[in-house]
Number of protein chains: 2
Amino acid sequence: MTSHRKARLVDVARDAGVSPATVSRAMAQPSLLALETLTRVRDSARRLGYLTDGTARALASGRSMTIGAIVPTLDSTIFARVLQSFQSTLAREGYQLLVASHEMSLAAETEAVRVLLARGVDGLMLVGAERSQETLRLLATSDVRVVLTWVGAPDFAAVTVDNEAAGRLVAEHLISLGHRRIGMVVGHLAFNDRQRARLAGVRQAMDQAGLALPDALVSEQALTMAGGRAGCARLLDLAERPTAVIGGIDLFAIGSVQEAQARGLSVPGELSVAGIDDIEFSASMMPALTTVRIPTAQIGQVAASTLLAEIGGQGRGEHTRLPIELVVRRSTAPT
Amino acid sequence: MTSHRKARLVDVARDAGVSPATVSRAMAQPSLLALETLTRVRDSARRLGYLTDGTARALASGRSMTIGAIVPTLDSTIFARVLQSFQSTLAREGYQLLVASHEMSLAAETEAVRVLLARGVDGLMLVGAERSQETLRLLATSDVRVVLTWVGAPDFAAVTVDNEAAGRLVAEHLISLGHRRIGMVVGHLAFNDRQRARLAGVRQAMDQAGLALPDALVSEQALTMAGGRAGCARLLDLAERPTAVIGGIDLFAIGSVQEAQARGLSVPGELSVAGIDDIEFSASMMPALTTVRIPTAQIGQVAASTLLAEIGGQGRGEHTRLPIELVVRRSTAPT
DNA sequence: ATTTCTTATGATAGCGCTTTCATCGAAGGT
DNA sequence: ACCTTCGATGAAAGCGCTATCATAAGAAAT
């Protein structure tokens, strides 16, 4: 609180009796300075309450030390978790996280990319592989490093998970239990390649077993528990109701269990239910949910490392596929 | 994709045959220009793929159009929700969100404040009123506008919720149902004034009813469902077990219900359980949870508006207290 | 006509930092 | 001793934009 106006680099330089360049070095590459000079500069800086002006630094150096992340929404266990680990890994390296959400709109994503690029982010985390032409153009024109999450694409580094396999895994599990008529509650498929892949995986397993997955047995819903309930309700109202329901996300499966129980159907006695994600709640609900474990926190952490490697110059578009695993619990049973 | 190097303001100016100042105006205050000039500049900008360099703009103008938010963690339904609405309100006004999390560490919060201030944020959202001296000093020295959430403090604008009243509300409800021995699972109280206030509220209600809340009946736990389970387990293991358990957050209450059920205790028959928050799941679990509704999304939205008003020069430290409400459902019953 | 506003645009000085490039003394090599 | 290398620092040119002030040309007022 020494002075009133914010201290600048030159103020510190004057106070310490060195040139601005030296102060700059003291802040950014201390190893270049003689120990004595360094301490003198640091003392002055502390005394004056000096904080490097990140804006000016970014302009002069060309690097903002800022990473952008564009997710569908922050209001989701899954993305929140990914962002948390992404952010903390980044922070450890001195990077800051700029977040934007697009609420499942392709156009909004494009706009977010434009804004973040204009902000001069050094890297960008995106979800999924579906992009507008305009977004791709923006990305190509700029020189930001990009890391995709969940689903990858050729020209970008990516940290993915085999969503198709996830769908296959649950479906095969259910089929092996003797289920023949299986329904699925899935998120809106437009601009959501994760859900599309999971559905495709379920389809594959069914096909392979010679079973059908008619459109009537697939219900698209908003990604909430209430959506899961509504979707399950639709499936249960069918003349030929399914003996098992797969939730494209755990939230759907949880909603489905609730709907079934509300109708007096026992799970898994009369209806088997399985999800994909393995969120915290799934393990401890009654009955505990059979699901596929997606290593969400790890996605964020690896995405951050990958992106930092890209920015650092090592790593050329590396793809990491994280393992997933079927977790059989109590919500599924033989027919 | 016209040129290879990134287009700058001067490039657009040259292309459009105007001065840099005019292009700057075209981007920031279009109303100052003649319509014809404006379109000409815009055409050039589009053709060259020009994006304003936010960094340079921030340096020259002194405003970064960036808001920082420091929360305990992103990985929480509650904060994720607040941030989602905060972010989308901000985005509508052209502001970008820079997030940081401190994982319940006072020192980490201070560091985050330092970093965000250095980044030149125009505003800052903080959670709770507990701050280190150093943080307060940093805030006072800089000229960022600040908005507090959940709990307010004299010198800052704030959007709060009466956490004490929330605790009181559930406790009174339970007391009115005839419960005399009530336990509480609460988050770690260090650097968490929200949980402290909720606990204090419960205490008040108990005191007023002439009841005691011995330390043994209060279990501090990490803010997860598993924490809720563990806390409830501790309370149920007591020689004199409580007839009702209050969760300092809904997650605790949910975990408590699970623990009770896992022990074969019926809820609310043998144990009443209530929470505070009203997260999505609470309404639809079995039994549906009695809780206090906290308007999370609204907190984010109002916090954003408040902060923007502060930045805009209107509004001097306004405090908004959002209403909360007891929601009685099926998890509580008379003794 | 002359003066006074307005409106649209230009010229240009920074914003606060980083980063060559240059300098200079001390250390190392022969 | 003499040249080279190295380590530590300084000088100063930007980074790409905004904002102030100045200017010019009409419009309005007298």
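To start, this report covers the structure provided alongside it. (Residues numbered from 1 in each chain as written. Chains lettered and ligands numbered in written order. Predicted model: local features only at pLDDT ≥ 70, side-chain atom pairs only at ≥ 80, totals over all residues. Heavy atoms only, no water.)

## Points about the relation of the copies chain B and chain A
Link 1 in the chain: Expressed as a screw operation, the relation of chain B to chain A combines 0.0 Å of axial shift with a rotation of 180°, fitting to an RMSD of 0.1 Å. One copy is carried onto the other by what is essentially a two-fold rotation axis. Residues of chain B ranked by C-alpha distance from the rotation axis are headed by Leu98 of chain B, positioned 2.2 Å from it.
Link 2 in the chain: Of all interface residues in chain B, 98% are interface residues in chain A too; the two copies therefore contact each other through one and the same surface. (Least-squares fit on C-alpha atoms with pLDDT ≥ 70 in both. Contact = heavy atoms within 4.5 Å.)

## A closer look at the protein's contact with DNA strand C
Link 1 in the chain: Near DNA strand C, the surroundings consist of 23 residues, among which Leu9, Ser24 and Tyr50 of chain A together with Thr22 and Thr37 of chain B are the closest.
Link 2 in the chain: Restricting attention to atoms of DNA strand C within 4 Å of the protein, one finds that 68% of them are sugar or phosphate atoms.
Link 3 in the chain: Between DNA strand C and Thr22 of chain B there is a distance of 2.4 Å, counted from a phosphate oxygen to a side-chain nitrogen or oxygen.
Link 4 in the chain: One of the backbone nitrogen or oxygen atoms of Ala60 of chain B is found 3.4 Å away from a base oxygen of DNA strand C.
Link 5 in the chain: Sorting the residues of the surface near DNA strand C by element identifies helix H2 (20-28) and helix H4 (54-61) of chain A together with helix H2 (20-28) and helix H4 (54-61) of chain B as the ones contributing at least two each.
Link 6 in the chain: Ranked by residues supplied to the surface near DNA strand C, first place goes to H4 of chain A with four residues.
Link 7 in the chain: Grouping the constituent residues of the surface near DNA strand C by class yields twelve nonpolar, six polar and five charged. (Near = heavy atom within 4 Å. Polar contact = N/O pair within 3.5 Å; in protein donor to acceptor, adjacent residues only side chain to side chain. Helix = DSSP H or I, 4+ residues; strand = E, 2+ residues; numbered from the N terminus. Nonpolar A, V, L, I, M, F, W, Y, C, P; charged D, E, K, R; others polar.)

## Some details on the packing of aromatic side chains
Two measures describe an aromatic ring pair: the distance that separates the ring centres and the angle between the ring planes.
Link 1 in the chain: Scanning the entire structure with this criterion turns up three aromatic pairs over all chains.
Link 2 in the chain: Ring centres of Phe281 of chain A and Phe281 of chain B lie 3.8 Å apart, and the angle between their planes is 55°; on these two criteria the pair is classed as tilted. Residue Phe281 of chain A is located in helix H12 (residues 280-284), and its partner Phe281 of chain B is located in helix H12 (residues 280-284); the two belong to separate chains.
Link 3 in the chain: Residue Phe281 of chain A is classed as buried on the basis of its relative accessible area of 10%. (Phe/Tyr/Trp six-rings, centres within 6.5 Å; stacked < 30°, edge-to-face > 60°. Buried < 20%, exposed > 50% of the residue type's maximum accessible area, 1.4 Å probe, protein only.)

## Observations regarding helix H9 (residues 193-208) of chain B
Residue and element names in this part refer to chain B.
Link 1 in the chain: A rise of 1.5 Å per residue sets the reference length of H9, with its 16 residues, at 22 Å; its end C-alpha atoms lie 22 Å apart and thus fit the reference within 8%.
Link 2 in the chain: Burial in H9 covers these residues: Asp193, Arg194, Gln195, Ala197, Arg198, Leu199, Gly201, Val202, Ala205 and Met206.
Link 3 in the chain: Within two residues after H9, Gly210 carries a phi angle of roughly 70°, on the positive side. (Expected span 1.5 Å × (residues − 1).)

## Some words on the sheet that holds strand S6 (residues 182-187) of chain A
Hydrogen bonds along the backbone pair up the strands of a sheet, which may run parallel or antiparallel.
Residues and elements named next belong to chain A.
Link 1 in the chain: Within the open sheet, the four strands sit side by side as S7-S6-S8-S9. Their pairing is parallel. Each having just a single partner strand, strand S7 (218-221) and strand S9 (272-274) make up the two edges of the open sheet. Neighbouring strand axes in the sheet, compared pairwise and without regard to direction, differ in orientation by 15° on average.
Link 2 in the chain: Pairing analysis gives four bridges linking S6 to strand S8 (residues 244-247), with the strands arranged parallel. Across the sheet, residue Ile182 finds its bridge partner in S8, namely Ala244. (Pairing = 2+ DSSP bridges. Axes fitted to C-alpha atoms, helices over the stretch in contact; angles between N-to-C directions.)

## Thoughts on the protein's contact with DNA strand D
Link 1 in the chain: Taken together, 22 residues surround DNA strand D, and among them Thr22 and Thr37 of chain A together with Leu9, Ser24 and Tyr50 of chain B come closest.
Link 2 in the chain: A breakdown of the atoms of DNA strand D within 4 Å of the protein gives sugar and phosphate a share of 71%.
Link 3 in the chain: Take Ala34 of chain A: an N or O atom from its main chain is 2.9 Å from a phosphate oxygen of DNA strand D.
Link 4 in the chain: For the surface near DNA strand D, the secondary structure elements donating two or more residues are H2 and H4 of chain A together with H2 and H4 of chain B.
Link 5 in the chain: In terms of residue count, H4 of chain B provides more of the surface near DNA strand D than any other element does, four residues in total.
Link 6 in the chain: Counted by class, the surface near DNA strand D contains twelve nonpolar, five polar and five charged residues.

## Some words on the pairing of strand S1 (residues 66-71) of chain A
Residue and element names in this part refer to chain A.
Link 1 in the chain: The buried fraction of S1 amounts to six of the six residues, a majority that puts the element mostly inside the structure.
Link 2 in the chain: Here S1 shows a buried face lined by Thr66, Gly68 and Ile70 and a second buried face lined by Ile67, Ala69 and Val71.
Link 3 in the chain: As paired elements, S1 and strand S2 (residues 96-101) share six bridges and run parallel to each other. Of the residues in S2, the one forming a bridge with Thr66 is Gln96.
Link 4 in the chain: As a crossover connection, the stretch from S1 through helix H5 (residues 77-92) into S2 is right-handed.
Link 5 in the chain: In the sheet, S1 pairs with strand S3 (residues 123-127) via four bridges, with the strands oriented parallel. When the sheet's bridge partners are listed, Gly68 is paired in S3 with Leu124. (Right-handed = clockwise from strand over helix to strand, strands pointing away.)

## What to know about the sheet that holds strand S4 (residues 145-150) of chain A
Link 1 in the chain: Pairing in this open sheet of twelve strands is mixed, and the strands run S11(A)-S5(A)-S4(A)-S3(A)-S1(A)-S2(A)-S2(B)-S1(B)-S3(B)-S4(B)-S5(B)-S11(B) from one edge to the other. Taken across any chain shown, the strands that pair with only one partner, and hence form the sheet edges, are strand S11 (319-322) of chain A together with strand S11 (319-322) of chain B. Averaged over all pairs of adjacent strands, the angle between their axes in this sheet comes to 20°, without regard to strand direction.
Link 2 in the chain: Relative to strand S5 (residues 157-161) of chain A, S4 of chain A is paired through four bridges, and the arrangement is parallel. Bridge pairing links Val147 of chain A to Ala157 of chain A in S5 of chain A.
Link 3 in the chain: Lying over the sheet, helix H6 (residues 106-118) of chain A contacts S1, S2 and S3 of chain A together with strand S2 (96-101) of chain B, oriented at roughly 175° with respect to S1 of chain A.
Link 4 in the chain: Packing against the sheet, helix H13 (residues 296-312) of chain B makes contact with strand S1 (66-71), strand S3 (123-127), strand S4 (145-150), strand S5 (157-161) and S11 of chain B, and its axis sits at approximately 160° to S4 of chain B.

## Focus on empty space enclosed by the protein
The gaps of empty space that remain are located by a probe, the size of a water molecule, rolled over the atoms.
Link 1 in the chain: Under the criterion given, the structure shown has one cavity of 30 Å³ or more.
Link 2 in the chain: Taken as a whole, the largest cavity encloses approximately 40 Å³ of empty space.
Link 3 in the chain: Looking at the largest cavity, the residues that line it are Leu74, Ala80 and Leu83 of chain A together with Leu74, Ala80 and Leu83 of chain B.
Link 4 in the chain: For the lining of the largest cavity, the elements supplying multiple residues, two or more each, are H5 of chain A together with helix H5 (77-92) of chain B.
Link 5 in the chain: Considered class by class, the residues forming the lining of the largest cavity number six nonpolar, no polar and no charged. (1 Å grid on protein atoms, 1.4 Å probe; cavity = no way out; pocket = protein on both sides within 12 Å on 5 of 7 lines; lining within 4 Å. Points joined across faces, edges and corners; volume = space filled by probe spheres on them.)

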